[in-house]
Amino acid sequence: MLRKWLCQADVKVVLEPIDPVLIKSGYATMDGPDMVPVSTWRNDESTYYFPGTSLKGVLRSQLERIARTLRPQSVCIPYYDGKDGSSIPVEEERQSRSCGSQNREQGSAERYNDSCAACRMFGSLKFGGRFSIGDALPMTGHNPVLEERNGVGIDRFTGGTVPGVLYDLQVLVGGKFEADIRLRNFELWQLAALNLLLMDLADELITVGSGRSRGLGRVRGTVGRYQLTYVRQTDHLAGLYQLATPEEQEAYGLHAWVPGTSILLPEPEMRGLRRQHDVTEDWSDRFQSLAPAVEEFLEWHGGPRGSVTRGET
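Rules used throughout
- Residues numbered from 1 in each chain as written.
- Predicted model: local features only at pLDDT ≥ 70, side-chain atom pairs only at ≥ 80, totals over all residues.
- Heavy atoms only, no water.
- Phe/Tyr/Trp six-rings, centres within 6.5 Å; stacked < 30°, edge-to-face > 60°.
- Helix = DSSP H or I, 4+ residues; strand = E, 2+ residues; numbered from the N terminus.
- Buried < 20%, exposed > 50% of the residue type's maximum accessible area, 1.4 Å probe, protein only.
- Expected span 1.5 Å × (residues − 1).
- Contact = heavy atoms within 4.5 Å.
- Arc of directions from axis to C-beta.
- Salt bridge = Lys/Arg side-chain N within 4 Å of Asp/Glu carboxyl O.
- Pairing = 2+ DSSP bridges.
- 1 Å grid on protein atoms, 1.4 Å probe; cavity = no way out; pocket = protein on both sides within 12 Å on 5 of 7 lines; lining within 4 Å.
- Points joined across faces, edges and corners; volume = space filled by probe spheres on them.

Asks: Explanation requested: the packing of aromatic side chains in the structure shown.
Replies: Each aromatic ring pair is summarised here by two numbers: the centre-to-centre distance and the angle between the ring planes. Summed over all chains, the structure comprises eight aromatic pairs. Ring geometry for Y112 and F127: centres 6.1 Å apart, planes at 50 degrees, overall tilted. With Y112 in helix α3 (residues 108-114) and F127 in the loop between α4 (117-122) and β4 (131-133), the pair connects residues that are 15 residues apart, well separated along the chain. The class for Y112 is buried, based on a relative accessible area of 0%. Exposure remark for F127: the relative accessible area of 16% places this residue in the buried category. Seen from their ring centres, F297 and W300 are 5.9 Å apart, and the 45 degrees between their planes marks the pair as tilted. Of the two residues, F297 and W300 are both situated in helix α9 (residues 292-301); the distance of three residues between them amounts to about one turn of the helix.

Asks: I keep staring at helix α1 (residues 52-70) and nothing clicks. Help me out?
Replies: Each α-helix winds once per 3.6 residues, and so residues spaced three or four apart point in a common direction. With 19 residues, α1 ought to run about 27 Å at 1.5 Å a step, and its terminal C-alpha atoms sit 27 Å apart, in line with that. Here the buried face of α1 lies against β1 (7-17), α4, β4, β8 (177-184), α5 (188-202) and α9.

Asks: Before we go on, may I ask you to explain α9 in this structure?
Replies: Where α9 is concerned, the buried positions are A293, V294, F297, L298 and H301. In an axial view of α9, the angular spread of the buried residues amounts to 135 degrees, which keeps them on one side of the axis. Packed against the buried residues of α9 are α1, α3, α4 and α5. Of the residues trailing α9, G302 is marked for its positive phi of about 85 degrees.

Asks: How should the side chain of Q190 be read in this particular structure?
Replies: With respect to the helices, strands and loops of the structure, Q190 is situated in helix α5. If we ignore the near neighbours within four places in the chain, the residues touching Q190 are Y112, R120, M121, R130, L183 and N185.

Asks: Explanation requested: the pattern of salt bridges in the structure shown.
Replies: Between side chains of opposite charge, a pair can form as their charged atoms come close. By the definition in use, this model includes 12 salt bridges. In this structure, the salt-bridge partner of R182 is D10, at a minimum N-O distance of 2.6 Å. Of this pair, R182 sits in strand β8 while D10 sits in strand β1, and the two are 172 residues apart along the sequence. Assessed through its relative accessible area of 41%, R182 is described here as partly exposed.

Asks: Hey, could you run me through the pairing of strand β11 (residues 274-278) in this one?
Replies: Successive side chains on a regular strand alternate, one facing one side of the sheet and the next facing the other. Examined bridge by bridge, strand β9 (residues 219-230) and β11 share four bridges and lie antiparallel to one another. In the strand pairing of β11, T229 is matched with Q276. Counting the residues between successive antiparallel strands, the hairpin from strand β10 (residues 269-271) to β11 contains two residues, one of them, G272, with a positive phi of roughly 70 degrees.

Asks: Sorry, what's going on with the pairing of β9 here?
Replies: Summarising the sheet, β1 and β9 pair through 11 bridges and their orientation is antiparallel. Looking across to β9, one finds that E16 is bridged to R220.

Asks: Sorry, what's going on with the layout of surface pockets here?
Replies: A probe matching the size of a water molecule, rolled over the atoms, marks out where space remains unfilled. Approximately 230 Å³ is the volume attributed to the largest pocket. What lines the largest pocket is a set of 15 residues, and nearest its centre among them are R42, E45, T47, P138 and N143. Those elements that place two or more of their residues in the lining of the largest pocket are β3 (45-48) and β6 (145-154). It is β3 that contributes the most residues to the lining of the largest pocket, four residues altogether.

Structure follows, in structure tokens:
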């Protein structure tokens, strides 16, 4: 079923750094600053940008934070397979399961059914997620300014400075960056989760890059375009559950939640077989009734299933 194209949400988000931002390139320099921003080659010149991998990581972390607040143990710890004997002091985390450590002989339906909310949306070692985001590149006429900062090493035992340990770093200040988000074959709770993340970006609650504990990385995100696309004709908002067959609903463990009042969509623009509904102007108000879907799904699903936990063989 997930190989079909049933519904899709496309969002163009504009990211505006509020604080200086440093997403390190990871490459050592022969001279000059010790840490420099990641860059690429675009239009015959070097351009600084925010990698899509970095943005996807912070958005997934924010969704996991929301999910664990609404319901403990509702999302997995991706790097923990439960068998490595790692010392995890928090009981609820010690009992968490990793969606990436399940039986590889499972079919795609079983893997999706067993996976937690974060893995269903963002993917895991078992399958690709529904969510993707591209690199955030500078908008024309809104290039960031490169500034150089310096710092001093800290002794973790004394809390004081380490004599002779100095470093330099370059940060990006100002500018505006544009990235494209796509959520393919979404369930309604996943669309609600996307809207929560967009609101958190708008409220400057999400930070990116290095040095976030010392004044770097805060960004503001605004929606430049928001479109929903369907192949089948529909006048009201529909998710994967409404578009799937009863057999697919059961096999994939789709959540049957629907808002109390159906959400009317604006008239579509025809693009071949695709019907694009533009909700840019009022997406926040139009989809406000979707917000409870996230907690409803977490309570209904119960968290990751079927994986190996600590102490099991």
